[in-house]
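Coordinate analysis (summary)
Residue strings, one per chain:
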Amino acid sequence: MGEILIYNLENQADAKLKMLCRKMNIGSRSVQSSEYGFTLGYLLGLSDNGGQKPAEDFDEPMLYISGLSGGMLNLFLDQLRRNKLIIPLKAVQTESNLAFTSSELYRELCAEREAFRKGMKAHTPDEG
């Protein structure tokens, strides 16, 4: 089945998310900052070579979702909302991002969020 890598959740939210994952038969684990330099593939046990790189620390909550198909992914995301687990930075496993480290994924998600924000502002109708 799938697995969720969890970053920087407060204890109560972390426990709530892990309980949700257990109910849905999804594996989950919290990633420690000392592991941020390993590739996501290595953290998931999909690669033997972690290739640890220097990593930047970050403290914003983030999820990396691995191995969930469309219907199960939608159900998981719906359950996050229903359980009021608000985690804006989420990524789904792709062939290319498995080689990212946690720090690289975090930077990528922040860059995408910023581009989205700028795009949204650019399309805001003029008031007048």
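About the criteria used
- Residues numbered from 1 in each chain as written.
- Predicted model: local features only at pLDDT ≥ 70, side-chain atom pairs only at ≥ 80, totals over all residues.
- Heavy atoms only, no water.
- Helix = DSSP H or I, 4+ residues; strand = E, 2+ residues; numbered from the N terminus.
- Buried < 20%, exposed > 50% of the residue type's maximum accessible area, 1.4 Å probe, protein only.
- Polar contact = N/O pair within 3.5 Å; in protein donor to acceptor, adjacent residues only side chain to side chain.
- Contact = heavy atoms within 4.5 Å.
- Pairing = 2+ DSSP bridges.
- Axes fitted to C-alpha atoms, helices over the stretch in contact; angles between N-to-C directions.
- pLDDT = per-residue confidence, 0-100.
- Salt bridge = Lys/Arg side-chain N within 4 Å of Asp/Glu carboxyl O.
- Phe/Tyr/Trp six-rings, centres within 6.5 Å; stacked < 30°, edge-to-face > 60°.

The helix and strand tally for the chain stands at four helices and four strands. Helices and strands in the chain line up, N terminus first, as β-α-β-α-β-α-β-α. Oriented by its inertia axes, the alpha-carbon framework of the chain measures out at about 60 × 35 × 30 Å. Counting over 128 residues, the chain shows a buried share of 37%.

Another aspect to go through is the side chain of S66. Structurally, S66 is set in strand 3 (residues 62-66). Here the side chain of S66 touches Q93 through a polar contact of 2.3 Å, side chain to side chain. Dropping the residues within four chain positions of it, S66 is found in contact with G2, E3, L44 and Q93.

This part covers the sheet that holds strand 1 (residues 3-7). Reading across the sheet, the four strands line up as 2-1-3-4 and stay open at both edges, with mixed pairing between neighbours. Taken across any chain shown, the strands that pair with only one partner, and hence form the sheet edges, are strand 2 (27-30) and strand 4 (89-92). Going from strand to strand, the sheet's axes swing by 15 degrees on average, the running direction of each strand aside. Here strand 3 runs beside strand 4; their pairing, made up of four bridges, is parallel. Considered in strand 4, the bridge of Y64 is made with A91. The strands touched by helix 1 (residues 11-23) are strand 1, strand 2 and strand 3; relative to strand 2, the strand with the most contacts, the crossing angle is about 160 degrees.

For the rest of this paragraph, the subject is the confidence of the model for the chain. Put simply, the chain has an average pLDDT of 89, and 92% of its residues get 70 or more. Note that pLDDT drops below 50 for residues 121-128; the model gives that stretch zero contacts with residues more than four away or on any other chain.

Here we take up the side chain of S103. Position of S103 relative to the elements: it lies in helix 4 (residues 102-122). Residue contacts for S103: discarding those within four places in its chain leaves Y36, A55, E56 and F58.

Attention now moves to the pairing of strand 3. Within strand 3, five of the five residues are buried, which leaves the element mostly enclosed by the surrounding structure. Neither face of strand 3 is exposed, since M62, Y64 and S66 on one face and L63 and I65 on the opposite face are all buried.

Our next topic: the pattern of salt bridges. Summed over the entire model, instances satisfying the criterion amount to seven salt bridges. A salt bridge links E104 to K53, with the nearest nitrogen and oxygen atoms 3.3 Å apart. Taken together, the positions of E104 in helix 4 and K53 in the loop between helix 2 (40-43) and strand 3 put the pair 51 residues apart, joining distant regions of the chain. The exposure class of E104 is partly exposed, given its relative accessible area of 22%. Where R81 meets D78, a salt bridge forms, and the shortest distance between an N and an O atom there is 3.9 Å. With R81 and D78 both in helix 3 (residues 70-82) and three residues apart, the pair spans about one turn of that helix. Three or more residues joined by partner-sharing salt bridges are found here, namely D78, R81 and R82.

Moving on, we come to the packing of aromatic side chains. For any two aromatic rings, the description comes down to two numbers: the centre-to-centre distance and the angle of the planes. Evaluated as defined, the whole model comprises five aromatic pairs. Judged by centre distance (5.8 Å) and plane angle (55 degrees), the ring pair of Y7 and Y36 falls under tilted. Note that Y7 is positioned in strand 1 and Y36 in the loop between strand 2 and helix 2, a separation of 29 residues in sequence. On the basis of relative accessibility, which here comes to 0%, the residue Y7 falls in the buried class.

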